Amino acid sequence: MLQDSLAGAGYPERVLVACSGGPDSLALAAVAAYFARRGHVDGHPVSVGAVVVDHQLQPGSAGIAATAARTLEDLGISPVQIRTVDVASTGAGPEAAARDARHAALDAAAEEAGAGVILLGHTLDDQAEQVLLGLARGSGTRSLAGMRPSRGRLLRPFLGLRRAETLEICRVEGLDPWHDPSNTDPAYARSRARVEVLPLLEEKLGPGVAESLARTASILQLDADYLEDVANDSFDRLRQQHGEAISLPEAELRDLAPAVRFRVIAKAAAAVGGQQPSYQRLLAAEALLRRQGSAGPVELPGAVSVFRLSLAQLLAEERSAPGVPREAARCGKLVFRPQQPPRK
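Engineer: Whenever I open this one, the overall build of the chain confuses me. Can you help?
Structural biologist: Scanning the chain for helices and strands turns up 13 helices and 13 strands. Taken along the three principal axes of its C-alpha coordinates, the chain extends 80 × 50 × 45 Å. Buried residues in the chain amount to 43% of all 344 residues. Accessible surface for the chain amounts to roughly 18000 Å². Of this, 52% is attributable to carbon and sulfur atoms. Taking the average place of the 38 positive charges on the side chains of the chain and the average place of its 41 negative ones, the gap between the two points comes to 8 Å.

Below you can see the structure in the form of structure tokens.
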């Protein structure tokens, strides 16, 4: 799996393994160390380093990180870095905050090491949990598509491997992995999905639930990629920039398929500094196209306002500025702009 993953990434010369000391990432490090000792993958030269991120979220985390680093060095991986991070409190929750801090540390370590890729130890079980949590939240295609085998410099070669298989790799290699207690802490939704929900589904529906959920993610990744490409093309074609604001002609926006229309609205919000809107906020913005009730503004996450300007308003604007050449408006438009800070 790792060999195929590195081949798909163009055989990077410098590889960095992200390792927590847990069984999944430690098993991945052991496999990567095999190629490091050989010095090549399919005849292409390769060297392998590693980074251990200490989130400082548990007592003794520095000692756990140091033990993981020594294990990696014993495997023959060099150099091994330990990156200590401060996990900032955000509205996205502790897991998301830790992930953001970890990815920032991994990116910095990769830049410093000149690594072309970073290997992550997520397994098929992690993917199944991701899809299950997305279903529970009522998420869309992008979320249900789960984690990608590759995204940018991140590679996940073990997405087709079960967690039990990584434990077996550790046993065969004589490795003693660290077991993160948060993985079984019922305070976290992911832990409940792992320890309670998925085993119950396997018991009631029969074996293979995790594989089916992971397969669903793979199928939806293809759909999500296609819709994203169509939405990008549509947004680039329709967007009109006016200073900090972006507008979209309502007639052409209304003609788009709903799956594309919602994505284009989200892209317009992001282009003026907003965040990904919830489905409810997207519905509220999209409702402006139906010309029912208020013309806005509708507030979107990230301090963005969207409102509708009618054709009559646009023509009035053109008449009020006769010296300014512009194409005559043919329809109304949705306007997205950053919210103005309140006056003091």
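Engineer: Help me out: how do you make sense of the packing of helix H5 (residues 124-137) against helix H9 (residues 209-238) in this one?
Structural biologist: In a pair of packed helices, the angle between the axes and the distance between the axes together describe the arrangement. Interaxial distance between H5 and H9 falls to 8 Å at its minimum, and their mutual angle equals 75°. For the element pair H5 / H9, the angle class is roughly perpendicular. Between H5 and H9, the contacting residues are Leu-124, Gln-127, Ala-128, Val-131, Leu-132 and Leu-135 on the first element and Ala-210, Glu-211, Leu-213, Ala-214, Ala-217 and Gln-221 on the second. Considering only residue class, the contact of H5 with H9 consists of nine nonpolar, two polar and one charged.

Engineer: Sorry if this is basic, but what is going on with the pairing of strand E4 (residues 47-54) here?
Structural biologist: Along any regular strand the residues' side chains alternate between the sheet's two faces. Within E4, seven of the eight residues are buried, leaving the element largely enclosed by the surrounding structure. As judged from the five bridges shared by strand E1 (residues 14-18) and E4, these two strands associate in the parallel manner. Note on E4: the bridge partner recorded for Arg-14 is Ser-47. As paired elements, E4 and strand E5 (residues 80-84) share five bridges and run parallel to each other. By the bridge assignment for E5, Val-52 is matched with Ile-82. A crossover links E4 with its parallel partner E5, the connecting element being helix H3 (residues 61-74), and its sense is right-handed.

Engineer: Please explain the sheet that holds E1 as it appears in this structure.
Structural biologist: Each strand in a sheet pairs with another by means of backbone hydrogen bonds, the pair being arranged parallel or else antiparallel. If you walk across this open sheet you meet the six strands as E5-E4-E1-E6-E8-E7, and the pairing is mixed. In this open sheet, the two strands that pair with only one neighbour each are E5 and strand E7 (150-151). Strands E4 and E5 of the sheet are contacted by H3, whose axis makes an angle of about 170° with E4. Against the sheet, helix H4 (residues 94-113) contacts E1, E4, E5, strand E6 (117-119) and strand E8 (154-155), and its axis sits at roughly 145° relative to E5.

Engineer: What should I look at first to understand unusual backbone geometry in this one?
Structural biologist: What is expected of a backbone is that most residues other than glycine have negative phi and most peptide bonds are trans. A cis geometry characterises the amide bond from Ser-78 onward to Pro-79, with omega recorded as -5°. As for its position among the elements, Pro-79 is in the loop between H3 and E5. For Tyr-11, which is not a glycine, the phi torsion comes out positive at approximately 55°. By the secondary structure assignment, Tyr-11 is in the loop between helix H1 (2-8) and E1. For Tyr-11, a relative accessible area of 23% corresponds to the partly exposed category. At Ala-303, a residue that is not glycine, the phi angle is positive and equals roughly 60°. Within the secondary structure, Ala-303 is located in the loop between strand E11 (298-300) and strand E12 (304-309).

What counts and how
Think of each chain on its own: its residues are numbered from 1, step by step along the sequence as written. With the structure being a predicted model, the display of local features is reserved for residues of pLDDT at least 70 and the display and counting of side-chain atom pairs for 80 or more, all residues being used for whole-chain, interface and lining totals. Each side-chain value is worked out from all heavy atoms of the structure, with water and hydrogens disregarded. For the purposes of this entry, the term helix denotes a DSSP run of H or I that reaches at least four residues, the term strand denotes a run of E that reaches at least two, and both are numbered from the N terminus. For the exposure calls, accessible area comes from a 1.4 Å probe over protein chains only, and a residue counts as buried if that area is under 20% of its type's maximum, exposed if over 50%, partly exposed in between. Accessible surface area values rest on a Shrake-Rupley calculation with a 1.4 Å probe, where residue burial reflects the displayed protein chains alone. Neither His nor the chain ends is counted toward charge; the positive residues are Lys and Arg and the negative residues Asp and Glu. Lysine's charge is taken at NZ, arginine's at CZ, aspartate's at CG and glutamate's at CD. Axes here refer to lines fitted to C-alpha atoms; in helices the fit is confined to the stretch in contact. Angles between the N-to-C directions go from 0 to 180 degrees. Angular relationships are summarised with four words: roughly parallel below 35 degrees, roughly antiparallel beyond 145, roughly perpendicular across 65 to 115, and oblique for the angles in between. Any two residues whose heavy atoms approach within 4.5 Å at even a single point are treated as in contact. Residue classes follow a fixed rule: Ala, Val, Leu, Ile, Met, Phe, Trp, Tyr, Cys and Pro count as nonpolar, while Asp, Glu, Lys and Arg count as charged, and any other residue, Gly among them, counts as polar. When DSSP finds two or more bridges between two strands, those strands count as paired. Looking down the strands as they point away from the viewer, one classifies a crossover as right-handed if the path from the first strand across the helix to the second runs clockwise.

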